[in-house]
Every structure is written in C-alpha cells, then in structure tokens.
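Now for the letters of each chain:
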2 protein chains.
Amino acid sequence: MLRKTEQREAIRRVFQENHDPLSVQDVLDKAQQDVPRLGIATVYRTLKALVDEGWLKVVELPGDTSRYERTGKGHHHHFSCNKCERVFDLEGCLPGIDTLLPPGFLLQSHEFFLYGVCADCAA
Amino acid sequence: MLRKTEQREAIRRVFQENHDPLSVQDVLDKAQQDVPRLGIATVYRTLKALVDEGWLKVVELPGDTSRYERTGKGHHHHFSCNKCERVFDLEGCLPGIDTLLPPGFLLQSHEFFLYGVCADCAA
DNA sequence: GTCGTTGCAAAGCGTTTGCAGCCTA
DNA sequence: TAGGCTGCAAACGCTTTGCAACGAC
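Residues numbered from 1 in each chain as written. Chains lettered and ligands numbered in written order. Predicted model: local features only at pLDDT ≥ 70, side-chain atom pairs only at ≥ 80, totals over all residues. Heavy atoms only, no water.

Draft legend 1. Examining the sheet that holds strand E1 (residues 22-23) of chain B more closely. Residue and element names in this part refer to chain B. The strand order E1-E3-E2 describes an open sheet built from 3 strands, whose pairing is antiparallel. Strands at the two margins of the open sheet, each flanked by one partner only, are E1 and strand E2 (56-59). Of the pairings in the sheet, the one linking E2 to strand E3 (residues 67-70) comprises 4 bridges and is antiparallel in character. From the neighbouring strand, Leu56 faces E3, where its bridge partner is Arg70. With respect to the sheet, helix H3 (residues 40-52) is in contact with E2 and E3, its orientation differing from that of E2 by roughly 110°. (Pairing = 2+ DSSP bridges. Helix = DSSP H or I, 4+ residues; strand = E, 2+ residues; numbered from the N terminus. Contact = heavy atoms within 4.5 Å. Axes fitted to C-alpha atoms, helices over the stretch in contact; angles between N-to-C directions.)

Written as structure tokens, this is what we have:
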C-alpha cells in the first residue's frame, strides 16, 4: 500500500460507510459506484493488503465465501440472516467455553455463529 | 442409492470406522485402500446421496472444505486442531445463546467451533 | 438386457497470478 | 521517469457434470 489510488480510496470508503462484514462481491458492487472500471482482481489484492496492514479482518463463515470487516471492534461474533443473507455483528460472548473441552485439549480460540431472521426481514 | 456397489460399501465402511468429521479427501484416501480405482467424483456423488438419505450430515467449518459425519449423534459442536488439522466432536452446548440476539432478531440455529491443540498433538 | 453407477475428462465457480499498459509520487 | 498499481485473461483448486463403458439386479 505505497500509493494512494482512486480504487483504494473507494474500497476504504465502502468500509467506512458499511460496518458489518462484506463479501468481495459486496465490496466490488459498492466500490464500482465510484469507480466503474474497477476489476475484481484489484478488490482481492486490495482486501489482502488491507488485512496484512491490519486495517481489515477476515470473517470466515461456515459454507460461505470470506467476508471482511474493519478491525478494532473488539471481541464479537456474527449473526447471518437466512432471508437476506446479510451478516451482522453481535456484541458479547458466552462464558464457560472451556468446559466443553475434552481432557488434554488446549483451547486457543473460538468462533460462534447465530442463524435466523434479522429485524428488517422479520418486520 | 438403488444398487449396492463395492464403492458405496467402502465409503459407508469408512464412516463406520471413523467417528469424527471427514473431508472428501479423507474419505477418498481411506476408501481407496479397499477400492483402489475409486474416483473422487464417485465420492462426491455418494456423499451427496448419503446426505440426502439422512445417513450423513454435512459439517461446514469456517474457511475449510466441507466435512461429513454420521447422523444421529445428537446436538454437538466441533473442535479443530491447529496442528494436525483433525476435527473432533465436542459434547454439550452453552446456555444463554439467545441473550446475544439484538432486539427484533429471530434465532433459528447456531454453530460453535473451538480451535487449539488436540490431546495427541499436545502430548 | 435394463438402466443405475462409475471413472475420466471437461466444465463451473471463486480466487490468484502473469503481464503489458497506466498513473502516482 | 521509475516502479507500484490496474484490468484483463489465464491459471488454480475444489466441486459438479456429460458421457461412454460397466455391472447389479
């Protein structure tokens, strides 16, 4: 990320305007509103660079393509809407995760996903 | 699944002898010990048929290819070893999942993954 | 013998990479 | 002007599909 280009500015702006995790296609669609000739390879390369730089974080959902979100939101998990396919941040966590661990196993991290219908779709 | 073939018998046997979730490649490798000419397309087709039949269940892990396990094990979650890449079943669950839900959201299901080092690798 | 099943190769799909031209610094 | 960045197209890895040969019933 040595140079400032309109493609990169547009991609950064997408994340400043959208706080929940976005797919590569989401980012391409939104950034192309600013830079119509933007190619998907540039989106992949820029997302990778922003992750390496620590500005973005990869969110991997089971059975779905990777999504990306801003870093610095603190420990949180995600909710995936079965209707509109959008992914939302959830605050908080659950205690007692280590009680599920079999003897001799070492816990290093965990992931947690809720599925259902979001408030917009339920209304 | 109308006919009984040696390919299908070999794939079923793999799951009777291995109780944790297996990847397509795991199944191919193990089943080829019985049926060396077994092709990967047959593994994909057979796994799909066994899932449709309700004999297997798909286990999707974040950022990994799908795995398959026998149905009928009851509600449980999974542990993925960061060293040997094996996936293990975990018994039990955590209470209070619905407390993480924002107002207006409907909960339909959840997934939970622990990561770390398994007992074999820690020893 | 019928027709469900198999293995191979080709096609799909999301992601990555090679490269010539472009554009920031 | 140098060399990092971009878009295009080709390459990749995993999964699915078309098809002719095979084999269960």
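Draft legend 2. Main features of the protein's contact with DNA strand C. Taken together, 18 residues surround DNA strand C, and among them Tyr44 of chain A together with Leu2, Arg8, Thr42 and Arg45 of chain B come closest. Sugar and phosphate atoms form 71% of the subset of DNA strand C atoms that lie within 4 Å of the protein. A distance of 2.9 Å separates a phosphate oxygen of DNA strand C from a polar atom in the side chain of Thr5 of chain B. Note that a phosphate oxygen of DNA strand C is positioned 3.1 Å from one of the backbone N or O atoms of Gly39 of chain B. Among the secondary structure elements, those contributing two or more residues to the surface near DNA strand C are helix H3 (40-52) of chain A together with helix H1 (6-17) and H3 of chain B. Looking at the surface near DNA strand C, its residues break down into 6 nonpolar, 5 polar and 7 charged. (Near = heavy atom within 4 Å. Polar contact = N/O pair within 3.5 Å; in protein donor to acceptor, adjacent residues only side chain to side chain. Nonpolar A, V, L, I, M, F, W, Y, C, P; charged D, E, K, R; others polar.)

Draft legend 3. Representation of the nonpolar core within the structure. Phe79, Phe112 and Leu114 of chain A together with Phe79, Phe112 and Leu114 of chain B are the most contacted members of the largest nonpolar core, which totals 24 residues. Put simply, the parts of the chain that give this core at least two residues each are strand E4 (77-81), strand E5 (87-90) and strand E6 (106-117) of chain A together with strand E4 (77-81), strand E5 (87-90) and strand E6 (106-117) of chain B. (Core = buried A, V, L, I, M, F, W, Y, C linked by side-chain atoms within 4.5 Å. Buried < 20%, exposed > 50% of the residue type's maximum accessible area, 1.4 Å probe, protein only.)

Draft legend 4. Spatial organisation of the pairing of E3 of chain B. Two strands pair when backbone bridges link them, and E1 of chain B and E3 of chain B are joined in this way by 2 bridges, in the antiparallel orientation. Within E3 of chain B, the position partnered with Ser23 of chain B by the bridge is Arg67 of chain B.

Draft legend 5. Examining the domain arrangement of chain A more closely. All names here are of chain A. One can read the domain layout of chain A as domain 1 (6-70) and domain 2 (76-122). The centre of domain 1, based on its C-alpha atoms, is set 22 Å off from the matching centre of domain 2. Each partner contributes residues to the interface: domain 1 has 9 residues there, and domain 2 has 9 residues. Overall, the association of domain 1 and domain 2 removes approximately 710 Å² of surface from exposure, summing both partners, and the carbon and sulfur fraction of that is 56%. The tally of links from domain 1 across to domain 2 stands at 0 salt bridges. The tally of links between domain 1 and domain 2 comes to 4 residue pairs in polar contact (both at pLDDT 80 or more). (Domains from an automatic or database assignment. Buried area = accessible area lost by both parts, 1.4 Å probe. Salt bridge = Lys/Arg side-chain N within 4 Å of Asp/Glu carboxyl O.)

Draft legend 6. Fine view of the protein's contact with DNA strand D. Around DNA strand D sit 18 residues, and of these Arg3, Arg8 and Thr42 of chain A together with Arg3 and Tyr44 of chain B come closest. Protein-adjacent atoms of DNA strand D, using a 4 Å cutoff, are sugar or phosphate at a proportion of 66%. One nitrogen or oxygen atom from the side chain of Thr42 of chain A is found 2.4 Å from a phosphate oxygen belonging to DNA strand D. Secondary structure elements with two or more residues in the surface near DNA strand D: helix H1 (6-17) and H3 of chain A together with H3 of chain B. Here the surface near DNA strand D is built from residues that sort into 6 nonpolar, 5 polar and 7 charged.

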